[in-house]
Amino acid sequence: MALHLEKAGHELHLWARRPESLKPFASVNAKTHASPAEVAKHAAVVITMVADAPDVEAVCLGEHGIIAGGGKGLIVVDMSTINPNAARVIGQRLAEKGIEFVDAPVSGGETGAINAALTVMAGGTQVAFDQVKPLLEKLGKSVTLIGGSGAGQVAKACNQILTGVGVLAVAEAFNFAAKSGVDPAK
């Protein structure tokens, strides 16, 4: 996803918990840093995408996190899928230092990320969203502000519920076909 931003002419400042994650950027105009705090010192917008809420908290609020290097005017966009309440708390903590927070989980999987065809569901202020929307449009085909802080995560949870129900319905239909003596594959 970051390579789409670099291709669009944006200067990248990177940090990764695993050094091997930075290998794809060896041949592009990107600067690596020792911590999220160092990235925040060099960027107007910091985008994060990690596994879960504790990871987002560590990257944003930890001792060497974004909050330690960023200040008033910085916008943090978290594209992880986390609990909406965690997103709200992280946003509140960042706001105490004048840092805007946009929760912006995505749908579309690896294929969507590779093809810049993700669906981005955002939560945050209209002002912050308007500033980061051009960047998010380099990553996805559908970029929508759902509401205030945490609303992007709520929309993603709704998306996951609908996906899960769809999978369940297919499984039930296949089970019904099999029990009725019909080949579900056909």
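Residues numbered from 1 in each chain as written. Predicted model: local features only at pLDDT ≥ 70, side-chain atom pairs only at ≥ 80, totals over all residues. Heavy atoms only, no water.

Colleague: Can you lay out helix α7 (residues 126–136) for me, pointing to particular residues and giving the numbers?
Modeller: Where α7 is concerned, the buried positions are Ala128, Phe129, Val132, Leu135 and Leu136. Looking straight down α7, one finds its buried side chains confined to an arc of 105°; they lie on one side. For α7, exposure combined with an orientation more than 90 degrees from the buried face picks out Val127 and Gln131. Buried residues belonging to α7 abut α1 (2–7), β3 (45–48), β4 (75–78), β5 (100–103), β7 (118–123) and β8 (140–147). (Buried < 20%, exposed > 50% of the residue type's maximum accessible area, 1.4 Å probe, protein only. Helix = DSSP H or I, 4+ residues; strand = E, 2+ residues; numbered from the N terminus. Arc of directions from axis to C-beta. Contact = heavy atoms within 4.5 Å.)

Colleague: Which residues make up the nonpolar core, and what values go with them?
Modeller: Core analysis: the biggest nonpolar cluster contains 21 residues, and Val77, Met79, Val102, Ala104, Val120 and Leu136 have the highest contact counts within it. Among the elements of the structure, β1 (12–14), β4, β7 and α7 are those that each provide at least two residues to this core. Residues contacting Val102, with those up to four places away along its chain left out, are Ile75, Val76, Val77, Asp78, Ala122, Gly123, Ala128, Phe129 and Val132. One finds Ala53, Val76, Ala86 and Phe101 within the second-largest nonpolar core, a separate group that totals 20 residues. (Core = buried A, V, L, I, M, F, W, Y, C linked by side-chain atoms within 4.5 Å.)

Colleague: Residues and numbers for unusual backbone geometry, please.
Modeller: Phi angles above zero are rare outside glycine, and Ala116 is one such case at about 50°. Of note, Ala116 is situated in the loop between α6 (109–114) and β7.

Colleague: Can you break down the packing of helix α3 (residues 53–61) against helix α5 (residues 84–95) residue by residue, with the values?
Modeller: Two elements in contact, α3 and α5, have axes separated by 10 Å at closest approach and are oriented at 5°. Judged by the inter-axis angle, α3 sits roughly parallel to α5. Where α3 abuts α5, its residues Ala53, Val56, Glu57, Cys60 and Leu61 lie against Ala86, Ile90, Arg93 and Leu94. Split into classes, the residues belonging to the contact of α3 with α5 amount to seven nonpolar, no polar and two charged. (Axes fitted to C-alpha atoms, helices over the stretch in contact; angles between N-to-C directions. Parallel < 35°, antiparallel > 145°, perpendicular 65-115°, else oblique. Nonpolar A, V, L, I, M, F, W, Y, C, P; charged D, E, K, R; others polar.)

Function-wise, these values are silent; they only describe arrangement.
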